[in-house]
Amino acid sequence: VKTLVTGAGGQLGRALLRRLGGAGVGLPHAELPIEDAAAVARALDAHRPDRVVNAAAYTQVDRAESEPGIAFAANRDGAAHVARACAARGIRLVHLSTDYVFDGTRPSWREDDPTGPLNVYGRSKLAGEQAVLDAHPGALVVRTSWLFSRDGANFVTTMLRLARQRPVLRVVADQRGCPTHADDLARALLALEATGVVHFAGDGPTTWHGFATAIFAAARLEVTIEPIATSDYPTPARRPMSSVLDTSRARALGVVPAPWLDGLRACLT
Ligand SMILES: NC(=O)c1ccc[n+]([C@@H]2O[C@H](COP(=O)([O-])OP(=O)(O)OC[C@H]3O[C@@H](n4cnc5c(N)ncnc54)[C@H](OP(=O)(O)O)[C@@H]3O)[C@@H](O)[C@H]2O)c1
């Protein structure tokens, strides 16, 4: 199966290409801006993949509040272009979405629970999911959360950088979610045989404070981490208080999430 990966320079894109080896073709943002429908069509005709994983997205949650046009161009319109082009050519599509489509008011979230994004990024990703499934009813949309890998801009690399700069870190302790190792997500995306929406996230809910504590324990770093409340750390974008994804559907499909702590240890060795 020849798989084309969009957003190939991102943390998930790189994890996918590592896993795909010679069966993967990666197109980074500069080579394929997905908001350009003609460029998307040309790329599919040039590479003729059996499957596309759309890992391209505008992912800067706070910045999206002040540049919604760019967020929607990538996350809604770009996703729609990829889906239409795949549908027209009979190409399987795996598209990525986010826990931030939910409002955070329930302890955990199943695929058919009501959405209610609290920020521009979440609204743009929800619009993208809907556009993808409208244009390509056979597509698979995988919602994931709190993605990390050894490289790229993510919570793990940010915590390790801040620990070198400051003796005490203040970390939000009242938002709950599931950290997800990009390598484990890549495995799941290539293994899942399904259509519609599937949740996939690392095993075991925690808080950002719990995640930070695990990072410094695994990295054997002595850092003081003060738990703080969301209200003590104002950000331009509101975030859901609980975005724990229920992964029962993925498990029933035979694709079982690994404990995120295993992924974290693998990142730090
Ligand atoms: N990171 C998380 O915690 C998280 C959580 C839940 C869901 N997700 C979803 O998981 C997927 C992968 O995320 P990630 O963490 O790998 O993100 P990432 O590291 O930011 O990678 C996204 C890639 O997409 C590229 N891109 C942005 N706009 C584009 C456009 N218009 N056309 C083509 N490429 C474009 C970016 O390139 P530039 O950097 O050059 O712009 C970047 O290389 C996304 O769909 C994201 O919404 C992520």
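Residues numbered from 1 in each chain as written. Predicted model: local features only at pLDDT ≥ 70, side-chain atom pairs only at ≥ 80, totals over all residues. Heavy atoms only, no water.

Caption draft 1: Just the overall build of the chain, in detail. Summing up its helical and strand segments, the chain has nine helices and twelve strands in all. Taken over the C-alpha trace, the chain has a radius of gyration of 18 Å; the compact-globule value for 269 residues is 18 Å, and the two agree within 12%. Taking the principal axes of its C-alpha atoms as reference, the chain extends roughly 55 × 35 × 35 Å. Here the chain, with 269 residues, has 53% of them falling under the buried criterion. A separation of at least 24 residues holds for 79% of the contacts in the chain among residues at least 6 apart in sequence. Total accessible area computed for the chain in this model is approximately 11,700 Å², and 52% of it derives from carbon and sulfur atoms. Here the chain holds 30 positive side-chain charges and 27 negative ones, and the gap between their average locations is 3 Å. (Helix = DSSP H or I, 4+ residues; strand = E, 2+ residues; numbered from the N terminus. Rg over C-alpha atoms; globule rule 2.2 N^0.38 Å. Buried < 20%, exposed > 50% of the residue type's maximum accessible area, 1.4 Å probe, protein only. Contact = heavy atoms within 4.5 Å. Areas by Shrake-Rupley, 256 points an atom, 1.4 Å probe, with all protein chains shown as cover. Lys, Arg positive; Asp, Glu negative; His and termini not counted. Charge placed at Lys NZ, Arg CZ, Asp CG, Glu CD.)

Caption draft 2: Focus on the pattern of salt bridges. Summed over the entire model, instances satisfying the criterion amount to twelve salt bridges. Taking the shortest distance from any N to any O, the salt bridge between Asp246 and Arg110 comes out at 3.8 Å. Taken together, the positions of Asp246 in the loop between β12 (224–228) and α8 (248–252) and Arg110 in the loop between β4 (92–98) and α4 (120–135) put the pair 136 residues apart, joining distant regions of the chain. Take Arg110: its relative accessible area is 43%, and that puts it in the partly exposed class. Note that Arg187 and Asp184 form a salt bridge whose closest N and O atoms lie 2.8 Å from each other. Taken as a pair, Arg187 and Asp184 lie in helix α6 (residues 182–191) at a separation of three residues, close to a single helical turn. (Salt bridge = Lys/Arg side-chain N within 4 Å of Asp/Glu carboxyl O.)

Caption draft 3: Region of interest: the site of the ligand. Taken together, 25 residues form the shell around the ligand, and within it Leu12, Glu35, Thr59, Tyr121 and Lys125 come nearest. At a separation of 3.0 Å, an oxygen atom of the ligand approaches a polar backbone atom of Gln11. The side chain of Glu35 places a nitrogen or oxygen atom 2.6 Å from a nitrogen atom of the ligand. Of the residues contributing to the shell around the ligand, the split by class is twelve nonpolar, ten polar and three charged. (Near = heavy atom within 4 Å. Polar contact = N/O pair within 3.5 Å; in protein donor to acceptor, adjacent residues only side chain to side chain. Nonpolar A, V, L, I, M, F, W, Y, C, P; charged D, E, K, R; others polar.)

Caption draft 4: Structural view of the environment of Val94. Tracing the sequence through the fold places Val94 in strand β4. Val94 sits in the buried class, given a relative accessible area of 1%. Taking the C-alpha atoms as reference, Val94 lies 7.6 Å from Arg51; in sequence the two are 43 residues apart. Aside from chain neighbours lying at most four places away, what touches Val94 is Arg51, Val52, Val53, Asn54, Leu140, Val142 and Leu189.

Caption draft 5: Geometry of the state of the cysteines. Scanning the model with the defined rule gives zero disulfides in all. Of all cysteine sulfurs, the one in Cys267 lies closest to Cys178, which takes part in no disulfide; the gap is 16 Å. Take Cys178: its relative accessible area is 2%, and that puts it in the buried class. (Disulfide = S-S within 2.5 Å.)

Caption draft 6: Region of the structure containing unusual backbone geometry. With phi around 45°, Trp146 is a residue other than glycine that occupies positive phi space. Along the chain, Trp146 falls in the loop between β5 (140–144) and β6 (147–148). Taking the relative accessible area as the measure of exposure, Trp146 reaches 8% and is therefore buried. Positive phi values are uncommon outside glycine, yet Arg220 reaches one of about 50°. Structurally, Arg220 is set in the loop between α7 (208–218) and β12. On the basis of relative accessible area, Arg220 is assigned to the exposed category, the value being 76%.

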